[in-house]
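# Secondary and tertiary structure notes
Each chain, letter by letter, is given below.
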Amino acid sequence: MGYVGSLAHDLPFAQDVNYPLITTTPSPSTGNVQQRRSNPGFGSVLLVQSNQTASYHAVQFTVTKRMSHHLLLNAFYTFSKNLNSVELDNNQTQGGAQNMRILSEDRSRADIDQRHAVSVSAVWQPAFSYGGNAAANAVLNGWSISPIVRYHSGLPFTVLNGVDANLDGTNNDRANLVGDPHLSNPSPQQWFHTAAFARNAVVTGSPIDGNSARNLLDQPGFKTVDLAVFRNFKIRERFAIEVRVEGTNTFNMVNMNPPNATVGSATFGQITTALSMRQLQLGLRLTF
């Protein structure tokens, strides 16, 4: 068991320093975004500064059993929390803040934050006695069975407003939180309490930002069992054939994609797609 912690400072982020102002003349609208910039002769002016932070804290458990009694086992479990001051996990410095003048609104869970992660791998080489049945001993023994079991809780997602309420020309505003969004028994038909969110309407002259947090909710978790069964068959002294059967998501577990998270959408709060189904493959390899 171990604790892992990481604190990062002075991380780069590109902030728009020519961000549209909220003015009384002209009255702000989505049609005069360029006119309301400090320097209307330019569009976005991105100034990269090393001024953001991130943190990671985790308790990690590892269990290892070396090969004995025909079994090898490795198991890992991580309980963690990952925060950052703005969106920094999209492989670029400009994460797209809700309001470039108020970056503090975007401090929240990182896009890669997963509370639980489990991985278990094993190799089992069964050896049974079939009495004097030489054929059964030759055919049924000598196989290796190698499963990999994986589970992790869902990545977070943001509930979007669906309308550019702060009139900055970018439709990435967050919705207003007006109730408890969590359900005791979520389903694909309703993954979260949709009535807990309201569209942040545009108010001419005084647009405001949505008050729900970035990455407020979790999408469905991921679970799968990959399995390989293989064996080498000796052919004379110099030749051998490996027979191998492999399956990804062997038990065809359903892993759902994130729900629709845009207020006003016809499928708001619903999950309509899933990840790949089971895939199987058979392989033969001659070694000499």
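Our subject is the structure listed above.
First things first, this report covers the structure right here in the doc.

Conventions and cut-offs
- Residues numbered from 1 in each chain as written.
- Predicted model: local features only at pLDDT ≥ 70, side-chain atom pairs only at ≥ 80, totals over all residues.
- Heavy atoms only, no water.
- Helix = DSSP H or I, 4+ residues; strand = E, 2+ residues; numbered from the N terminus.
- Buried < 20%, exposed > 50% of the residue type's maximum accessible area, 1.4 Å probe, protein only.
- Polar contact = N/O pair within 3.5 Å; in protein donor to acceptor, adjacent residues only side chain to side chain.
- Phe/Tyr/Trp six-rings, centres within 6.5 Å; stacked < 30°, edge-to-face > 60°.
- Salt bridge = Lys/Arg side-chain N within 4 Å of Asp/Glu carboxyl O.
- Contact = heavy atoms within 4.5 Å.
- Core = buried A, V, L, I, M, F, W, Y, C linked by side-chain atoms within 4.5 Å.
- Pairing = 2+ DSSP bridges.

## Some thoughts on the side chain of Ser-146
Secondary-structure assignment places Ser-146 in strand 6 (residues 144–152). Classification of Ser-146 as buried rests on a relative accessible area of 18%. Looking at Ser-146, its side chain comes within polar contact range of the main-chain oxygen of Ala-122, at 3.1 Å.

## Side note on the packing of aromatic side chains
Taken as a whole, this structure holds 6 aromatic pairs when the rule is applied. Seen in terms of ring centroids, Phe-61 and Tyr-77 are 5.9 Å apart; in terms of plane orientation they differ by 25°. Their pairing is stacked. Note that Phe-61 is positioned in strand 2 (residues 46–68) and Tyr-77 in strand 3 (residues 71–84), a separation of 16 residues in sequence. Accessibility expressed as a relative area gives 34% for Phe-61, which makes it partly exposed. Owing to a relative accessible area of 25%, Tyr-77 belongs among the partly exposed residues under this scheme. Pairing Phe-157 with Phe-192 gives two aromatic rings, centres 5.8 Å apart and planes at 45°, and the pair type is tilted. Here Phe-192 lies in the loop between strand 8 (176–177) and strand 9 (197–198) and Phe-157 lies in strand 7 (residues 156–157), a separation of 35 residues in the sequence. The exposure class assigned to Phe-157 is buried, which follows from its relative accessible area of 8%. Taken together, the ring pairs connect Phe-157, Phe-192, Phe-197 and Phe-268 into an aromatic cluster.

## Observations regarding the pattern of salt bridges
Under the criterion given, the structure shown has 10 salt bridges. Across the pair Asp-113 and Arg-109 runs a salt bridge, and its minimum N-O distance is 2.7 Å. For the pair formed by Asp-113 and Arg-109, the shared burial category is buried. Across the pair Asp-113 and Arg-115 runs a salt bridge whose closest N-O atoms are separated by 3.1 Å.

## What to know about the environment of Pro-181
Checked against the element boundaries, Pro-181 lands in the loop between strand 8 and strand 9. Given a relative accessible area of 5%, Pro-181 falls into the buried group. Sequence-wise, Pro-181 and Ser-29 are 152 residues apart; in three dimensions their C-alpha atoms are separated by 31 Å. Residues in contact with Pro-181, not counting those within four places in the same chain, are Phe-192, His-193, Ala-196, Phe-197, Leu-216 and Leu-217.

## Here's the deal with the nonpolar core
Soluble globular proteins tend to pack their nonpolar side chains together in the buried interior. With 12 residues, the main nonpolar core is built from Phe-157, Val-159, Ala-175, Trp-191, Phe-192, Ala-196, Phe-197, Leu-217, Ala-261, Val-263, Phe-268 and Ile-271. Excluding its chain neighbours within four sequence positions, the residues that come into contact with Trp-191 are Phe-157, Leu-183, Pro-186, Asp-218, Gln-219, Pro-220, Met-256, Pro-259, Gly-269 and Ile-271. Listed in part, the 6 residues of the second largest apolar core include Phe-13, Tyr-19, Val-86 and Leu-103.

## Concerning the side chain of Thr-23
Tracing the chain through its elements places Thr-23 in the loop between strand 1 (2–16) and strand 2. The buried category is assigned to Thr-23, whose relative accessible area is 19%. Only 2.7 Å separates the side chain of Thr-23 from the backbone oxygen of Pro-26, close enough to count as a polar contact. Those residues in contact with Thr-23 that sit more than four places away from it in its chain are Pro-28 and Arg-36.

## Overview of unusual backbone geometry
With a phi close to 60°, Asp-10 is a non-glycine residue in the positive phi region. Within the element layout of this structure, Asp-10 appears in strand 1. Phi is positive for Asn-215, close to 55°, though the residue is something other than glycine. With respect to the helices and strands, Asn-215 occurs in the loop between strand 9 and strand 10 (217–218).

## Notes on the environment of Ser-146
Considering only alpha carbons, one finds Ser-146 and Val-229, 83 residues apart in sequence, at a separation of 6.3 Å. Apart from residues lying up to four places away in sequence, Ser-146 is in contact with Ala-122, Val-123, Asp-226, Leu-227, Ala-228 and Phe-230.

## Structural notes on the pairing of strand 3
By the bridge criterion, 13 bridges tie strand 2 to strand 3 in an arrangement that is antiparallel. The residue bridging Thr-64 from the neighbouring strand is Asn-74, located in strand 3. Between strand 2 and strand 3, which pair antiparallel in sequence order, lie 2 residues; one of them, His-69, sits at a positive phi of approximately 50°. Alignment of strand 3 against strand 5 (residues 116–124), held across 9 bridges, turns out to be antiparallel. In the sheet register, Asn-74 faces strand 5, and the bridge partner there is Ser-121. Relative to strand 4 (residues 108–109), strand 3 runs antiparallel, the two sharing 2 bridges. Among the inter-strand pairings, Asn-84 is bridged to a residue of strand 4, identified as Ser-108.

Honestly, that's just the spatial picture; any functional story needs more than this.
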